[in-house]
Every structure is written in structure tokens, then in C-alpha cells.
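In case you want the letters, here they are:
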Amino acid sequence: MKSHSFLWGCVSGVGGGATLCVIGLLLYISVANNDSQSRSRSDSSQPTSSVQQPTDMSSLQELLEKTNLPNHKLTLTINLQTASFNQILELFNQTVSEPSNYHNKYSQETLIELMVSRNPLATLNAMWFLSYSLRLELLPFFYSKWASEDPEEALKSAAQQSNQMRRLAVRSVVSNMQVPVTKEILELSNSLDIEGLVNEVLAEVSAKELMQSSPQEAFELVFSDNIEDVQQEALLLEIIETWMRTPDEDNFAQLFSSFHDEYVKIDLTNSQSNIIFINLVEQIVQVDPHKFWRLNLSTESEMQGSLNSLILRAWARLDPPAALSAISEIEGSEHYDESYRSVWRMWTEVDPMYVLQNIQQVQPEQRETVIGLSVLNLVRQDNVEQAIASIVQMKDLGENIRSAVRHLTREWIKYDATAATDWLVTTDTIKDALRKRMLNVVLPVLSKTDPMKAYRLAVEFGDPEAFDPRFTLEMTVLDAIAKRGDFEGAKELLQEVEESLLPTAYSTIGLSFISFGKIDDAIALGARLSEEDQPQYFQNLTIVWFQLRPDELFANLTNLPSVESQQAIARILIDERFGYQEEMSEDEITMLENLVPMSEAP
């Protein structure tokens with residue numbers, strides 16, 4: 001469907017590396033040609049001497065610069081007409097050793113085309129020296145050429161390929177056969193156990209032929225079981241494009257009816273189906289969004305609402321004012337509110353600054369969300385300064401900026417956590433409550449690059465009256481550092497921890513040691529605590545340790561620094577309220593019961 005002009009544009013921009021590659025090819029051609037002419041002038045019995053490489057490169061380079069790429073192929077074809085297969089193969093092998101680029105690939109296609117007519121199997125063997133990705137690119141070209149000369153042998157070879165290459169090869173062979181295919185081909189595909197794939201490709205070929213005469217029948221054929229979902233999208237897009245070249249009322253109604261009837265059967269929880277569905281909606285909407293939208297609203301179905309939203313998103317991407325104007329026609333209906341949200345949300349992607357400058361046009365109950373999404377898209381467009389300025393402006397207008405601040409900081413910290421943190425800490429645009437909530441999000445990310453700063457800010461802005469010390473902001477930062485496996489950094493921060501929080505801080509690091517399987521380190525860390533604090537430390541580790549590494553827990557129980565620590569673990573695990581005994585052996589239960597005094601036994 002798309003023009004090849006982009007390819008030729010890319011070709012014209014290829015640099016010197018590609019130029020040198022083709023210079024090498026032309027050198028070889030020149031040598032082979034001169035050699036051929038000298039042999040024709042000499043006695044056939046006289047042995048040929050080895051041909052010397054010409055020394056004048058400038059003339060060849062000048063010729064190359066004046067020659068369009070299609071003429072390179074013509075030059076190769078003309079000069080290699082009388083060359084032997086081995087000579088062409090030698091030239092092909094030379095291209096394999098060169099850096100991969102478009103010129104090189106273009107030359108390889110020409111050489112493959114020349115070789116396949118002489119010795120297809122040897123050509124295929126030569127292609128195995130290409131990189132896997134390049135082989136995938138050139139394999140369809142190879143099999144297409146072979147199939148045009150000997151379809152049966154090409155099909156036999158294609159069936160022997162493995163996995164992805166077999167599909168590519170068979171598709172290339174069958175696509176070049178005349179339809180309907182012969183009985184012999186169908187019998188051969190059955191004997192090769194590729195009948196299903198061959199039928200699938202034949203259905204695609206038939207669908208493409210039907211596009212010109214009956215797009216309706218082509219549309220229905222594509223939804224048959226003969227065509228794989230992955231191929232449906234490309235074919236349907238072609239059908240829609242063909243169908244809509246003369247989009248009269250009947251054509252459009254037929255298209256919508258077919259589209260709707262088939263897609264209502266699709267499970268949209270399937271990601272592949274969902275992607276195809278969305279892409280097709282956008283393709284159809286571009287023809288006449290208002291008409292397609294009205295057709296959907298007039299057709300009752302379970303998917304009417306979701307389809308309506310998709311249509312409006314595609315429409316708003318093309319023309320937001322027109323989409324907004326259209327939905328005013330259904331104000332008061334069940335679809336109005338969601339339609340209104342869909343248009344404005346997409347408008348924030350298309351032109352966030354326009355939306356912010358005209359925020360008074362948005363319904364008051366929708367403004368916080370619309371402002372937030374506009375700011376988010378400004379940040380995604382690498383326009384953080386404008387996003388910040390817009391937040392200030394919206395606040396001055398009396399708008400709710402909480403969503404905007406959340407979107408700004410969450411997106412900003414993905415590439416500059418330091419700048420996002422500094423803004424949050426210093427700005428007077430937001431209230432302290434929102435500042436602290438966002439620092440809970442930002443500081444764990446900042447700890448990747450500046451753990452000390454992150455921890456000290458956590459102490460400064462955290463809530464000292466938190467109901468559980470494990471969930472304070474400073475413990476959140478420490479936990480983030482330890483969970484990344486930066487144990488030295490985490491232990492270094494222990495010097496910054498307030499004494500009353502040290503047992504909690506030790507437990508935070510110890511849990512990550514357990515998660516990483518560093519059991520000896522977890523035990524050694526606990527041993528650094530006072531005897532009074534050790535039992536609580538190991539008790540805090542118990543549940544995670546038992547859930548992740550129960551065998552290592554029982555194997556190391558006697559290695560704990562004190563009996564009191566062992567007892568702390570035992571009390572948790574044999575408490576019937578938790579139900580852990582159901583997951584333990586009798587010996588393990590007995591071991592734990594022996595650690596707990598009889599007076600404490602459950």
C-alpha cells in the first residue's frame with residue numbers, strides 16, 4: 001500500500017561504506033569481463049593467466065557516483081551473463097564478508113537471482129553464511145525466484161526449513177503459484193505435512209484477488225479459519241483501502257456491518273486481537289469519522305460503548321474540534337459522558353498547550369484529569385519547563401493541580417530524579433501534604449543515584465509519628481536500596497539512622513539478604529545488634545525466610561547468635577493461628593517445639 005519512494009530516499013543516503021562495497025563488486029565485474037574477452041581472443045587450449053586488479057580506482061568511483069542503484073543491478077546482470085556459477089558464488093561470498101548495508105543487500109539479491117536459476121540448492125547453502133536476520137530478509141526473495149522456475153522442488157525445500165523460516169519459505173513459494181494450484185501441488189503439500197499453511201496462504205491470495213471485484217467477499221474470506229490472525233490485519237487494511245476508494249453510502253454501511261458482525265465475536269482480552277481491532281478502527285475512521293460514529297450509535301450491541309470510545313479517540317487524533325462538536329448531538333444520552341472524556345483525553349495528546357490555554361471550555365468535573373494529562377504529555381514531549389509553568393498557571397486560575405503534580409513527578413523521575421526531587425522540595429506551588437506524598441514516590445528512585453541525599457530528605461520530610469516504623473519514608477528509601485542488592489550502600493546508611501529505628505533498619509536490610517539468598521550475611525548482620533534487639537530482628541525475618549527458603553531456615557536455625565533468637569522464630573512458626581505447621585515435616589515441628597519452653601507451648 002505504501003510508496004517505495006522512502007526506500008529510494010534511504011538508498012540515496014547510504015554512506016561511503018556502501019559505496020566501497022559496490023566498488024568492489026564492479027571491480028570484480030570488470031576483471032571477469034576483461035578476462036572473458038581475453039579468453040575469446042586467445043587459443044582455447046592456452047591456460048588463462050591470473051587477472052591483476054586494476055590500480056585506477058578513481059574512474060570506477062566516479063562512474064558509481066553517476067549511476068543510479070537500479071543500474072547497478074543491470075550492470076551486474078549483463079556482466080555476469082557468461083560467468084560460471086562458481087564465479088558468481090565467489091562474488092556473493094565477497095559480499096558476505098562486507099559490512100551489512102542496503103547496497104550490499106541489494107547486490108546480494110541480484111546475485112541470488114542469478115545463482116538460483118543455475119543451482120538453487122548450492123545457492124541456499126551459500127545463504128547460510130549470512131546473519132540470521134539477513135537470511136530471514138532474503139529467504140522469501142530466494143524462494144520466490146525458485147518457485148517461479150520450479151515450484152514443486154521449491155516447495156519441498158521450503159517444507160524442510162524450521163520454525164519461522166519454514167513459514168516464510170512456504171508463504172513465498174505458494175504466493176508465486178498460479179491460482180487455483182494444481183492437484184499435484186495440493187497432494188505434495190499434504191505429503192510434506194504443510195497442507196494447513198499452504199491453504200492459509202492460498203486463502204490470502206484469493207482474498208487479495210477478491211479485493212478488486214468484491215471487497216465484501218474478501219472481507220468475509222479473511223475472517224475464515226484459513227487465515228491466521230497475524231495475517232488478518234494487513235489483509236483487512238488492504239481490503240478497507242480498496243473498498244473505500246469510492247465510499248458511497250451502501251459501501252460504507254456494508255463495511256460497518258461486516259466489521260461489526262465479525263469483531264463482535266472476537267475476544268478482546270486477547271492482546272493480538274485487540275491490537276488488530278484498534279488498528280482497523282483507526283483505518284476506517286479516517287475515511288469518514290462522523291459517518292462511522294453515527295452508524296455505531298445506531299447499532300445496538302454489547303461492544304457499542306467500547307467501539308464508540310475507540311472511534312472518538314481516532315477521530316480526536318485527526319480533528320479534535322470536529323469530534324467535540326459531534327458529540328454535542330448526543331448530550332444527555334448514555335454515551336455522552338464517556339464520549340466527552342475520550343475526546344478531551346486524546347486532545348491532550350494532540351495539543352496539550354491548546355487544551356491548557358482553553359481549560360475553561362472543559363466541564364469543571366473533568367478539568368483536574370484533563371490538566372493532569374496535558375501536563376503528562378508536555379513532559380513526554382520533553383517540555384518540563386512548560387509543564388511546570390502550566391501547573392503554576394492552573395493554580396493561579398484556582399484549578400485543582402494534584403493530578404498534574406503526580407503526572408509531572410512520576411514521568412520526570414524516569415530520566416531526572418534529582419531535578420524532580422529538587423523541584424518538589426523547593427516549590428511553593430503545592431501544599432506540604434502533597435509534597436510529602438510525592439516524595440514517597442520520588443525518593444526511592446533518587447536513592448539509585450544519590451542514596452545519602454534521598455535518605456536525609458526522607459528523614460526531613462517523613463512522618464516521625466508513623467504508626468509502624470517499618471513504613472516510614474526513611475525505611476522506604478532504605479528498603480529500595482537493599483532490594484536493588486546495594487547492601488554496602490544500605491549498611492553505610494545505618495550510620496544515619498536514628499537509634500530507635502536501628503532494629504527496624506537492620507530488619508529491612510536483613511529481609512533483602514534473605515531474598516537474595518545471602519543467609520550468612522543476614523545472620524551476621526543480626527549478630528551486630530545488641531542481644532536485647534536480636535530476637536526482634538530474627539522474628540521480623542521469619543515469615544519471609546520461611547516462605548522463600550524454608551530448608552535454609554531449618555538448616556541455619558542453630559547458627560543464630562542466641563537461643564532467644566531461635567525461640568523468636570519458633571514461636572511464630574508453631575503458632576497455630578498462622579497455619580505454618582501444615583507446610584512442615586514432623587521433625588521440623590519437633591525441632592521448633594523443643595526450642596519453646598513448655599509453658600509457652602500452644
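In this report, we go over the structure that sits alongside the text. Remember, it's a predicted structure, so these values are computed and weren't measured experimentally.

1. With respect to the packing of aromatic side chains
And step 1. Applying the stated criterion across every chain yields a total of 14 aromatic pairs.
And step 2. Look at Y340 and W344: their rings are 6.4 Å apart centre to centre, the planes differ by 55°, and that puts the pair in the tilted class. Here W344 and Y340 lie together in helix α20 (residues 336-350), a separation of four residues that amounts to about one turn. With respect to burial, Y340 and W344 carry one shared label: buried.
And step 3. Measuring from centroid to centroid gives 5.9 Å for F578 and Y580, while their planes differ by 40°, and the two rings are tilted.

2. Section: the pattern of salt bridges
And step 1. If you walk through the whole model with that rule in mind, you get 18 salt bridges.
And step 2. With its nearest N and O atoms 3.6 Å apart, the salt bridge here joins K145 to E113. Here K145 is found in helix α8 (residues 132-149), whereas its partner E113 is found in helix α6 (residues 102-116), with 32 residues between them in sequence.
And step 3. Given the relative accessible area of 26%, K145 is considered partly exposed.
And step 4. A relative accessible area of 26% places E113 in the partly exposed class.
And step 5. With a shortest N-O distance of 3.3 Å, K156 and E153 are connected by a salt bridge. On the criterion of helical spacing, the pair formed by K156 and E153 is a turn pair, its members being three residues apart in helix α9 (residues 151-160).
And step 6. Overall, the relative accessible area of 35% leaves E153 in the partly exposed class.
And step 7. Beyond isolated ion pairs, a larger network of salt bridges with shared partners links E368, R402 and R406.

What counts, and at which threshold
Residues numbered from 1 in each chain as written. Predicted model: local features only at pLDDT ≥ 70, side-chain atom pairs only at ≥ 80, totals over all residues. Heavy atoms only, no water. Phe/Tyr/Trp six-rings, centres within 6.5 Å; stacked < 30°, edge-to-face > 60°. Helix = DSSP H or I, 4+ residues; strand = E, 2+ residues; numbered from the N terminus. Buried < 20%, exposed > 50% of the residue type's maximum accessible area, 1.4 Å probe, protein only. Salt bridge = Lys/Arg side-chain N within 4 Å of Asp/Glu carboxyl O.

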